[in-house]
Amino acid sequence: MKDYYIYYNNNYVRQSEARIPVLSASSQFGLNVFEGIRVYKEDFFYIFRLEDHLKRLNNSLHLIGLDIDVITKKEFLNILIELIILNNIKTDFSIRFTYLIDELDSWSSIKRPTFFIAPLIRDRNSADNYKTAYLTKTRRISKYAMNPKIKCGANYINGRYALLEAKSKGADLPILKNKDGFISESSGACVFLVKNGVVITPSLDCDILESITRDTVIKIFLENNYKVEERFISEAEFNECDEIFLCGSAAEITPLKILKDLDFKIGAITKFIFQEYQQAITAKSYNKNFWTTKLNVKNHSKKLNTINNES
Ligand code: PMP
């Protein structure tokens, strides 16, 4: 992996030079909150749903008890443009934006967090790519124990257990049920089913992350007159559905094949949402939703010009 510049502790440093103490709260206990934000390169760079990611990061900070507000959109964009120029980025990429405690402290730390913003090169999904999935015994964490709405590093250990279980059964990814046995989500993405043309997804009270892509997908379906149901989904219903796909900033739209399905083809409605989502992320459609922030980075002069589409 290329040693990109990242922004850390008010400086632009090489990723390999950014350090945190081993006895910091974040290193020992996974105490951090973060976002993964996609940037797509066409004629310009398009950042997808930036304001929503900043809002969720701010919520995560406060819900986990770190008393600080996330930096402003303007500050974020200035750092991002500098990173694009410093790293000479000309392709799609993803941003990891993380707040962490880099001082020696315990899991109960309420010290002032610092943050980093790091670019990670990442392509778009291709239309024929699908993954296999396995419904795990590992259950999703609940809001009564570890709030799944907080995008905190330590919450991902739940996803790790489920992923290792799914892989041990020969699948690529897990689907987890919540503590009450209803379908919840995957280890890093939300899940949608299709049955008789109706789109069904676990409701927000099924111990899922409030996914920004899930919201996008629901809005696209509704705009195209599909029936969408957000509700509890039983294991029996999951086993009988016609199509399944995952969605997330990283997963985008990922069709799923359940292991026992021998005669698998990517379904028509999954293909439809895949294509529509690809249009939405670079503002080729659904413009009135203000989902993209368009960035024009003039590489040599360091002169930048943001044409902000977002509300
Ligand atoms: N659920 C979990 C557990 C996740 O980690 C993610 C990825 N952030 C998602 C769902 C999808 O969320 P989003 O669409 O906001 O990326």
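Residues numbered from 1 in each chain as written. Predicted model: local features only at pLDDT ≥ 70, side-chain atom pairs only at ≥ 80, totals over all residues. Heavy atoms only, no water.

**Digging into a nonpolar patch on the surface**
A cluster of nonpolar residues, V22, L23 and L104, forms a patch on the protein surface that exposes about 320 Å² of accessible area. Here L23 lies in the loop between β2 (11-14) and α1 (25-29). Using a relative accessible area of 49% as the deciding quantity, one classes L23 as partly exposed. (Patch = residues over 30% accessible without salt bridge, like charges linked within 9 Å, V, L, I, M, F, W, Y side chains within 5 Å. Areas by Shrake-Rupley, 256 points an atom, 1.4 Å probe, with all protein chains shown as cover. Salt bridge = Lys/Arg side-chain N within 4 Å of Asp/Glu carboxyl O. Helix = DSSP H or I, 4+ residues; strand = E, 2+ residues; numbered from the N terminus. Buried < 20%, exposed > 50% of the residue type's maximum accessible area, 1.4 Å probe, protein only.)

**Observations concerning the sheet that holds strand β12 (residues 228-231)**
Read across the open sheet, the 8 strands follow the order β9-β8-β7-β14-β13-β10-β11-β12; overall the sheet is mixed. Each edge of the sheet is formed by a strand with only one pairing partner; in this case those strands are β9 (183-186) and β12. Averaged over neighbouring strand pairs, the angle between their axes works out to 35° when direction is ignored. Here 3 bridges tie strand β8 (residues 173-177) to β9, and the two strands are oriented antiparallel to one another. Among the inter-strand pairings, K177 is bridged to a residue of β9, identified as I183. Across the sheet, helix α4 (residues 156-168) lies against β7 (131-139) and β8, angled at about 120° from β7, the strand it touches most. Docked against the sheet, helix α5 (residues 212-223) engages β10 (190-195), β11 (198-202), β12, β13 (243-248) and β14 (252-258), running at close to 125° with respect to β13. (Pairing = 2+ DSSP bridges. Axes fitted to C-alpha atoms, helices over the stretch in contact; angles between N-to-C directions. Contact = heavy atoms within 4.5 Å.)

**Some words on the packing of helix α2 (residues 50-63) against helix α3 (residues 73-86)**
It is at 11 Å that the axes of α2 and α3 come closest, and there the two elements cross at 115°. Taken together, α2 and α3 sit at an angle that is classed as roughly perpendicular. Every pair of crossing elements has a handedness; the one defined by α2 and α3 is right-handed. Here L50, E51 and L54 of α2 come into contact with α3, specifically with K73, F76 and L77. (Parallel < 35°, antiparallel > 145°, perpendicular 65-115°, else oblique. Left-handed = near helix turned anticlockwise from the far one by under 90°.)

**Quick look at the pattern of salt bridges**
Counted according to the given criterion, the structure contains 21 salt bridges. Note that K177 and E235 form a salt bridge whose closest N and O atoms lie 2.6 Å from each other. Here the residue K177 occupies a position in strand β8, and E235 occupies one in helix α6 (residues 235-239), the gap between them amounting to 58 residues. The exposure class assigned to K177 is buried, which follows from its relative accessible area of 11%. Relative accessible area serves as the criterion here: at 32%, E235 is assigned to the partly exposed category.

**Here's the deal with the confidence of the model for the chain**
Across the chain, pLDDT averages 94, with 96% of residues at or above 70. Every residue in residues 300-311 is under pLDDT 50, and counting partners more than four places away or in other chains gives 29 contacts. (pLDDT = per-residue confidence, 0-100.)

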